[in-house]
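A structural walkthrough
Spelled out, the chains give:
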Amino acid sequence: MRIAGKGLINRKKPVSFTFDGTVYSGFEGDTLASALLANGVKLMARSFKYHRPRGVLTAGSEEPNALVTIGNGASQDPNVRATVQEIYEGLEARSQNRWPSLAHDVMAVNDLGAPFLGAGFYYKTFMWPKAFWEKLYEPVIRRAAGLGALSGAAVTDKYERAYAHCDVLVIGAGPTGLMAALTAAEAGVDVILAEEDSVLGGRLLSESGEIDGVPARDWAEATVARLQGMANVRIMTRTSVTGAYDGGTYGALERVGHHGVVAADLPKECFWRIAAKRAVLAAGALERPVAFQNNDRPGIMLASAVRSYVNRWNVAPGKAVAVFGNNDSAHDTAADLLAAGVHVSALIDSRPDATTDLPVPFYAGAHVCGSEGRKALEAVSISRASGIDKVQADCLAMSGGWNPTLHLTCHMSGRPDWDEAIAAFVPRAGMVPGMIAAGACNGVFSTAACLGEGAGAALAALDGLGVEAEMPALPAAEARDYRISPLWAVPGKGRAWLDFQNDVSVKDVKQAAVENFRSVEHMKRYTTQGMATDQGKNSNVGALAVLADATGRGIPETGTTTYRPPFQPVAIAAMAAGSEDKGFAPERLTTSHELTVKAGAPMIEAGLWYRPSYFPRSGETTWRQSCDREVMHVRQAVGVADVSTLGKIDIKGPDAGALLDFLYTNMFSTLKVGRVRYGLMLREDGHVMDDGTTARLAEDHFVMTTTTAAAGQVMSHMELITQGVKRKLDVRFTSVTEHWAQFAVAGPKSRELLNGLLDAPIDGESWPFMACGDVSVGGVKARLFRISFSGEQAYELAVPSRYGEALFAELRKRAEGLGGGVYGMEALNVLRIEKGFITHGEIDGRMTAFDIGMQGMMSKKKDFYGKGAAARPGLLDDERPQLVGLKPVGVVKQITAGAHLYKDGAEAVRENDQGYVTSVGFSPEMGSFLGLAFLKGGRARHGETVRMVDAMRGVETTCEVCHPVFLDPEGERARD
Amino acid sequence: MRIACPLCGERDLREFTYKGAALALAYPSEAASAQEWDDYLHNRDNPAGPTRELWYHGSGCTSWLVVTRNTVTHEILAVELAENAEEASA
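Below or above, wherever it landed, is the structure these notes cover. All values reported here derive from a predicted model rather than from experimental measurement.

**Thoughts on the overall build of chain A**
When you go through chain A residue by residue, the secondary structure sums to 23 helices and 49 strands. Over its C-alpha trace chain A gives a radius of gyration of 38 Å, far above what one expects of a compact globule, namely 30 Å for 976 residues. With the principal axes as the frame, chain A shows a C-alpha extent of 115 × 70 × 55 Å. Looking at chain A residue by residue over its 976 residues, the buried ones come to 53%.

Quick look at the structure:
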């Protein structure tokens, strides 16, 4: 019910929205919770486990009960707190976890079974038969218990990630935070003030006191105006700081587009990483409920929430409100209600010595011990020495005291201290380096003390930054002592709720203690207390107090559970913003990409690169037909392939040769200018890291190629060698992978093709195998390397990338003119398998030069990286797997990659394993499948037959072991 | 976490990759014994306290850095270029 008053709602701007299909009206400035209450809607949700009717408990982000689903389809957001959601025109909200409707939920039958559904129920009940858990129990439980559901559709809303930097980050904009921000800002440092609410002021917006002789809310407004006018202050509203991390890094979630008035290009949420040299935590405190029988009926809420609804939103949460507490907040609440003209039916204070001047029925030394009503509160029972009184109330405001919001101070493994005087945990100093807790989150509750602590914390932060500043004059404000007498659970029968969101009662926690789950961490997991989306913000301290009592320990000895980020739920979409799709794996495209795709070639991923699988021609119906043809083009005419994806590293300097000598197992300093050499690189542990060719373009200038996959790894490896291991080399290098477009021209007609294209023709004598040098193509300076990954007479022609596309088109046309064509990865793979050339399929990080038969490349004349480790006895064992070739000789003429090898006739079990197949291709020239494999002691077993079993695909055959070079073992074709 | 790169200044953790103990810089000589190789390749201290480790500023200046970090508090005590670090063998 809306009442008169000057709250923070704009009565000139009505806003209509729907809840479960019914249209309601609120005002600009309302949250969904305040607008529903204003419309008399108290039942907002069903509880997680027992489907009990629930209303709103709080007025803030800690809300456990009033969770709703907002929106539809792909942009559906489940579990949105009605206390945080601002209303806007056309907002659609729905209740959750009920069927068929919120008012008539058939699953409420669970509540009748409550005596059987307590703590540990799942663990004890769904034990057997074992198979039933997955098939029966879990699906049924999941359907019966739960929160809101995701849409199942991929997210279409925009989310963003962003970074911010500041000298001082102030977290929270209540009296402490405002004072801290102002003090820091006036000293001239860069300040970020982050506030989770849409309006700055914190509790000042909901309470009725004065600061400096004006209403506190006006002081807040004036202070905010001052801050807004300062260029060194950035105010971030609707921004929850969610975590404190190493090095002054803070995570924060900004709700950018949840209130319906965003521009089209703004995201729904933005996840910030804020790097702050210093931080002031001014997060305030959260009021805690009191556990008593049926303390969860709609209409029962925290006293602080009642004050917020009355003062900030001008909503009377009931016609007759009872107020119950163990501290002065209850009295303040009753006073505010009376001032707003709301009937207070009782004020109950558990402190026997409490007094009041308020004109209300007053019960000192009494407790609320029960409630009545079905879907809304109707009456409360009050127990006192003389007996039990029943008082009519459709709303109960309760205050069990305040817990400092110290969560962030514990995010780096810190633990808080118990402060007996305020019956609450308070932060220990210095738990997050550079962060100072101040005000209510530091256990200081009067407005005057908060203002002082805010200014003091800012001064300490400034001091840490080396900035001198003086304590500002503090505004006058309320300076009352906080008086509390601990009250966690009112004794009595029935279920008294601690954790509203996970339906955990006092009885459950006691049961955990009885079953010896005495550690607070065990109790938490056994009862699920504090494990819901609210992370037990209302219930953790109460639950551990009950546990402490049940186990006969004090609260400090019982301790708290661990506080971990995030402080508020953060959508994965926000945290991962920018990392989806291409943000996760950017595409690297070659210069021939467009023409390749136009040619109908299916593309495959090679790291981040995209490469053609094969180039289908008309009449070809399977990839094998295309692949076989492309292979034969290379073997009989000429083929062209884009090999630009190989890593290219340009190396210059007097010591370039010396560096290569140390990087590669074989010698490079002796390589002649104008020649190319194949090299093998080891890791420090003696295993093969990568291979490739390196060309010497001049005495002090080399260009290295790496495999596509290892380009980055080789680059950082070279940085490590030159910066850390071989420091004094006079050499510089840089990656030029993207700068050059490079194409393989392979086949007996490759020279013929090139000679039609190059400005000056070449011949076999002046350009022998492994020669390199500059050439000219249509006036463009290019590089030519006579190297071969196919075993044929072959060249690689490199031009600056801007000419890549044109060159590819020209090469393709000319190859086709000579009876050949372009070829893709499938053909490239077959060509290299026929020649026994290795890729990372073979050098997978576990292989030594000895394993792949390249022990001869390990120079004895010099040291090289990995040499010492490669000589370790275990790596030279004859029984190690060694590279071999395989030909199928059984009934089945197929080899499959990944299949394992066994001795002929041996059972295919792990103990008998002899090796495995790494690469397979069908050779059209030989009319057979060929395989490369690693076989125990394989080099001595050529001619032997082995059993090949692919358990995954169900393929089995017999293979003959042979030399891994199947074709032209003398290498005559490449030298032709 | 933030690392103050001597060349680039204080930068976010995401620009760096971790390799392991700075010991990797102390590459043994060719004639080193099997035990020395074992110590270099495999044997590592696991201190609760300051430790020297190698980080690569791959999204920045491509420097290899030796970062002295307290494993208990995650506090970064020192950052230097690997080329100035004491571990290096040559």
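**Considerations on the overall build of chain B**
Along its length, chain B carries one helix and six strands. Listing every helix and strand of chain B by position from the N terminus yields β-β-β-α-β-β-β. With respect to the three principal axes, the spread of C-alpha positions in chain B is 40 × 30 × 20 Å. Summarising the internal contacts of chain B: among those between residues at least 6 apart in sequence, 53% fall at separations of at least 24.

**Examining the nonpolar core**
Residue and element names in this part refer to chain A. Of all hydrophobic cores here, the largest spans 175 residues; its most connected members are Val168, Val280 and Leu281. Every residue in contact with Val168, bar those within four places of it in the chain, is listed here: Ala184, Val189, Val191, Ala276, Arg278, Ala279, Val280, Ala458 and Ala461. Formed by 105 residues, the second largest nonpolar core is a distinct cluster that contains Ile649, Met770, Ala794 and Leu797.

**Focus: the interface of chain B and chain A**
With 23 residues of chain B at the contact, the number on the chain A side is 23 residues. Per element, the largest residue contribution to the side of chain B that touches chain A is three residues, and it comes from helix 1 (residues 34-41) of chain B. Of the residues contributing to the side of chain B that touches chain A, the split by class is 14 nonpolar, five polar and four charged.

**A closer look at the sheet that holds strand 45 (residues 900-903) of chain A**
Residue and element names in this part refer to chain A. Read around the closed barrel, six strands run 44-47-46-45-48-49, paired in antiparallel fashion. Direction aside, the axes of adjacent strands within the sheet are offset by 40° on average. In the packing of helix 21 (residues 825-834) onto the sheet, the strands contacted are strand 46 (915-923) and strand 47 (928-936), and the crossing angle to strand 46 comes to about 115°.

**Brief notes about helix 11 (residues 520-527) of chain A**
Residue and element names in this part refer to chain A. Buried within helix 11 we find Val520, Met523, Lys524, Tyr526 and Thr527. Residues of helix 11 that are buried in the fold lie against strand 30 (504-505), helix 10 (506-514), helix 12 (540-550) and helix 13 (555-558). Once helix 11 finishes, Thr528 follows within two positions and takes phi at roughly 70°, a positive value.

**Concerning the sheet that holds strand 19 (residues 343-349) of chain A**
Residue and element names in this part refer to chain A. Pairing in this open sheet of five strands is parallel, and the strands run 17-24-18-19-20 from one edge to the other. This sheet does not close on itself; its edge strands, each paired only once, are strand 17 (300-302) and strand 20 (362-364). Across the sheet, the axes of successive neighbouring strands diverge by a mean angle of 20°, strand direction being ignored. The pairing of strand 17 with strand 24 (residues 395-399) spans three bridges and is classified as parallel. Note that in strand 24 the partner of Ile300 across the bridge is Leu396. Contacts between helix 8 (residues 329-339) and the sheet are confined to strand 18 (320-325), strand 19 and strand 24, with strand 18 contributing the most and set at about 165° to the helix.

**A short note on the pairing of strand 15 (residues 269-281) of chain A**
All names here are of chain A. In terms of burial, strand 15 is a largely internal element, ten of the 13 residues being buried. The pairing of strand 8 (residues 159-171) with strand 15 spans twelve bridges and is parallel. Of the residues in strand 15, the one forming a bridge with His165 is Ala275. Inspection of the sheet shows strand 14 (residues 249-255) paired to strand 15 by seven bridges, in the antiparallel sense. Within strand 15, the residue paired with Arg255 across the bridge is Glu269. Inspection of the sheet shows strand 15 paired to strand 28 (residues 435-437) by three bridges, in the parallel sense. Across the sheet, residue Leu281 finds its bridge partner in strand 28, namely Ala437.

**Comments concerning the environment of Ala231(A)**
Residues and elements named next belong to chain A. Structurally, Ala231 is set in the loop between helix 6 (216-228) and strand 12 (233-236). Among the residues examined, Ala231 registers 7 C-beta atoms within 10 Å and is labelled exposed. Residues Ala231 and Asp111 lie 120 residues apart in sequence; the distance between their C-alpha atoms is 57 Å.

**Re the environment of Ala512(A)**
Residues and elements named next belong to chain A. Structurally, Ala512 is set in helix 10. The buried category is assigned to Ala512, around which 29 C-beta atoms lie within 10 Å. Residues Ala512 and Arg525 lie 13 residues apart in sequence; the distance between their C-alpha atoms is 9.7 Å. Excluding residues that lie within four positions of it along the chain, Ala512 makes contacts with Ala119, Phe517, Met523, Tyr526 and Thr527.

**Details of the pairing of strand 39 (residues 740-746) of chain A**
All names here are of chain A. Burial analysis of strand 39 places seven of its seven residues in the buried class, the great majority of the element. Here strand 39 shows two buried faces, one formed by Trp740, Gln742, Ala744 and Ala746 and the other by Ala741, Phe743 and Val745. The pairing of strand 33 (residues 639-642) with strand 39 spans four bridges and is antiparallel. Considered in strand 39, the bridge of Ala641 is made with Ala744.

**Looking at the packing of helix 16 (residues 623-636) of chain A against helix 21 of chain A**
Residues and elements named next belong to chain A. Helix 21 packs onto helix 16 with a crossing angle of 55° between their chain directions and a minimal axis gap of 8 Å. Judged by the angle between their axes, helix 16 and helix 21 are oblique. Between helix 16 and helix 21 lies a crossing whose hand is right-handed. Residues Trp623, Cys627, Glu630, Val631 and Val634 of helix 16 form the contact with helix 21, whose participating residues are Glu826, Ala827, Val830 and Leu831. Among the residues forming the contact of helix 16 with helix 21, the class breakdown is seven nonpolar, no polar and two charged.

**Topic: the packing of helix 10 of chain A against helix 12 of chain A**
All names here are of chain A. Running from amino to carboxyl end, helix 10 crosses helix 12 at an angle of 45°, the nearest separation of the two axes being 9 Å. Comparing the axis directions of helix 10 and helix 12 gives the class oblique. Crossing of helix 10 over helix 12 shows right-handed handedness. Residues Val506, Val509, Lys510 and Ala513 of helix 10 form the contact with helix 12, whose own contacting residues are Ala543, Val546, Leu547 and Ala550. Class assignment of the residues belonging to the contact of helix 10 with helix 12 gives a composition of seven nonpolar, no polar and one charged.

**A word on the environment of Asp878(A)**
All names here are of chain A. Position of Asp878 relative to the elements: it lies in the loop between helix 22 (867-870) and strand 44 (881-888). Of the residues examined, Asp878 has 10 C-beta atoms within 10 Å and is grouped as exposed. When the C-alpha atoms of Asp878 and Phe850 are compared, they prove to be 9.4 Å apart, with 28 residues separating the residues in sequence.

**Quick look at helix 17 (residues 656-663) of chain A**
Helix 17 of chain A sits mainly inside the fold: seven of its eight residues count as buried. Within the sequence span of helix 17 of chain A, burial applies to Ala656(A), Gly657(A), Leu659(A), Leu660(A), Asp661(A), Phe662(A) and Leu663(A).

**Things to note about unusual backbone geometry**
Along the chain, Trp99(A) connects to Pro100(A) via a cis peptide bond; the corresponding omega equals 0°. With respect to the helices, strands and loops of the structure, Pro100(A) is situated in the loop between strand 7 (92-94) and helix 2 (109-112). At Asn314(A), a position not held by glycine, the phi torsion is positive, near 50°. Structurally, Asn314(A) can be placed in the loop between helix 7 (303-311) and strand 18. A tally of 23 C-beta atoms within 10 Å means that Asn314(A) is categorised as buried. Not every positive phi belongs to a glycine, and His74(B) is a case in point at roughly 65°. Examined against the element boundaries, His74(B) turns out to sit in the loop between strand 5 (64-70) and strand 6 (76-81).

Each value, and the rule that gives it
- Residues numbered from 1 in each chain as written.
- Chains lettered and ligands numbered in written order.
- Predicted model: local features only at pLDDT ≥ 70, side-chain atom pairs only at ≥ 80, totals over all residues.
- Helix = DSSP H or I, 4+ residues; strand = E, 2+ residues; numbered from the N terminus.
- Rg over C-alpha atoms; globule rule 2.2 N^0.38 Å.
- Buried ≥ 20, exposed ≤ 12 C-beta atoms within 10 Å, placed from the backbone.
- Contact = placed C-beta atoms within 7 Å.
- Core = buried A, V, L, I, M, F, W, Y, C linked by C-beta atoms within 7 Å.
- Nonpolar A, V, L, I, M, F, W, Y, C, P; charged D, E, K, R; others polar.
- Pairing = 2+ DSSP bridges.
- Axes fitted to C-alpha atoms, helices over the stretch in contact; angles between N-to-C directions.
- Parallel < 35°, antiparallel > 145°, perpendicular 65-115°, else oblique.
- Left-handed = near helix turned anticlockwise from the far one by under 90°.

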